[in-house]
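Fold and contact review
One letter stands for each residue in the lines below.
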Amino acid sequence: MRGLIQRVSQAEVRIDGQRVGAISRGIVLLLAVEQGDSEENLDKLLHKVLNYRIFADPAGRMNLSLLDIGGGLLTISQFTLAADTRKGLRPGFSAAVAPVEAERLYNMFVEKVQACGGIQAASGRFAADMQVSLTNDGPVTFLLKT
């Protein structure tokens, strides 16, 4: 499982011109489900996203997590993160899990985020054509893998 996280001051996702999710200060997570991923991988990634210390403390150091600041988490399905780009000029997607399983795990992830409490949870829609707008704060971006 791969998750690209970006620290943001605000973000939103639109589908067919309608806003379906938005957050203020927090994290945008682009989530890819790969072959062999399980609920265990999902739980590990969720723990890491919620507790990864990428927000500034009063001294200006990245010592605070999303849970510490009570921020928002906007989760977006992003199968292209599973692409193999090592050879050629066209990405290969053999590492991505089948759409039915990817959707199941993505929806499970979103449900777990919503059940967390203490954060503002929002998400896109699996396999939809989405327009994501964000203001990357820093910029701060990390690729997390489980």
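Provided above is the structure to which this section pertains.
Anyway, here's the lowdown on the structure attached to this text. Please read these numbers as outputs of a predicted model, since none were measured by experiment.

Turning next to the overall build of the protein. Helices and strands together make up the secondary structure of the protein, namely 3 helices and 8 strands. Ordering the α and β elements of the protein from the N terminus gives β-β-β-α-β-β-α-β-α-β-β. On C-alpha atoms alone, the protein measures out to a radius of gyration of 15 Å, which is about the 15 Å that the 2.2 N^0.38 rule sets for 146 residues. Each principal axis of the C-alpha atoms in the protein carries an extent, and together these give about 45 × 30 × 30 Å. Within the protein, buried positions represent 40% of all 146 residues. Pairs at least 24 apart in sequence give 73% of the contacts found in the protein among residues at least 6 apart. Split by element, the accessible area of the protein, about 7900 Å² in all, is 48% carbon and sulfur.

As a further point, take unusual backbone geometry. Residue P139 follows G138 across a cis peptide bond; omega there is 0 degrees. Considering the arrangement of structural elements, one finds P139 in strand β8 (residues 130–145). The backbone phi angle of D16 is positive, close to 50 degrees, even though this residue is not glycine. Within the secondary structure, D16 is located in the loop between β1 (2–15) and β2 (18–23).

On the secondary structure map, E12 appears in strand β1. The class for E12 is buried, based on a relative accessible area of 15%. A polar contact of 2.8 Å, which involves the side chain of E12, links it to the side chain of R14. Sequence-distant contacts of E12, that is, excluding residues within four places in its chain, are made with R19, G21, A22, L74, Q131, V132 and S133.

The end-to-end C-alpha separation of helix α1 (residues 39–51) is 18 Å, in line with the 18 Å expected for 13 residues at 1.5 Å each. Buried within α1 we find N41, L42, L45, L46, V49 and L50. All buried residues of α1 fall inside an arc of 155 degrees around its axis, so they share one side. Looking at α1, the residues exposed on the side facing more than 90 degrees away from the buried face are E40 and H47.

We now examine the layout of surface pockets. Approximately 340 Å³ is the volume attributed to the largest pocket. Lining of the largest pocket is provided by 20 residues; of these, S77, Q78, F79, A127 and M130 occupy positions nearest its centre. Listed by contribution, the elements that provide at least two residues to the lining of the largest pocket are β3 (26–32), β6 (72–77), α3 (99–116) and β8. Of the residues contributing to the lining of the largest pocket, the split by class is 18 nonpolar, 2 polar and no charged.

What counts and how
Residues numbered from 1 in each chain as written. Predicted model: local features only at pLDDT ≥ 70, side-chain atom pairs only at ≥ 80, totals over all residues. Heavy atoms only, no water. Helix = DSSP H or I, 4+ residues; strand = E, 2+ residues; numbered from the N terminus. Rg over C-alpha atoms; globule rule 2.2 N^0.38 Å. Buried < 20%, exposed > 50% of the residue type's maximum accessible area, 1.4 Å probe, protein only. Contact = heavy atoms within 4.5 Å. Areas by Shrake-Rupley, 256 points an atom, 1.4 Å probe, with all protein chains shown as cover. Polar contact = N/O pair within 3.5 Å; in protein donor to acceptor, adjacent residues only side chain to side chain. Expected span 1.5 Å × (residues − 1). Arc of directions from axis to C-beta. 1 Å grid on protein atoms, 1.4 Å probe; cavity = no way out; pocket = protein on both sides within 12 Å on 5 of 7 lines; lining within 4 Å. Points joined across faces, edges and corners; volume = space filled by probe spheres on them. Nonpolar A, V, L, I, M, F, W, Y, C, P; charged D, E, K, R; others polar.

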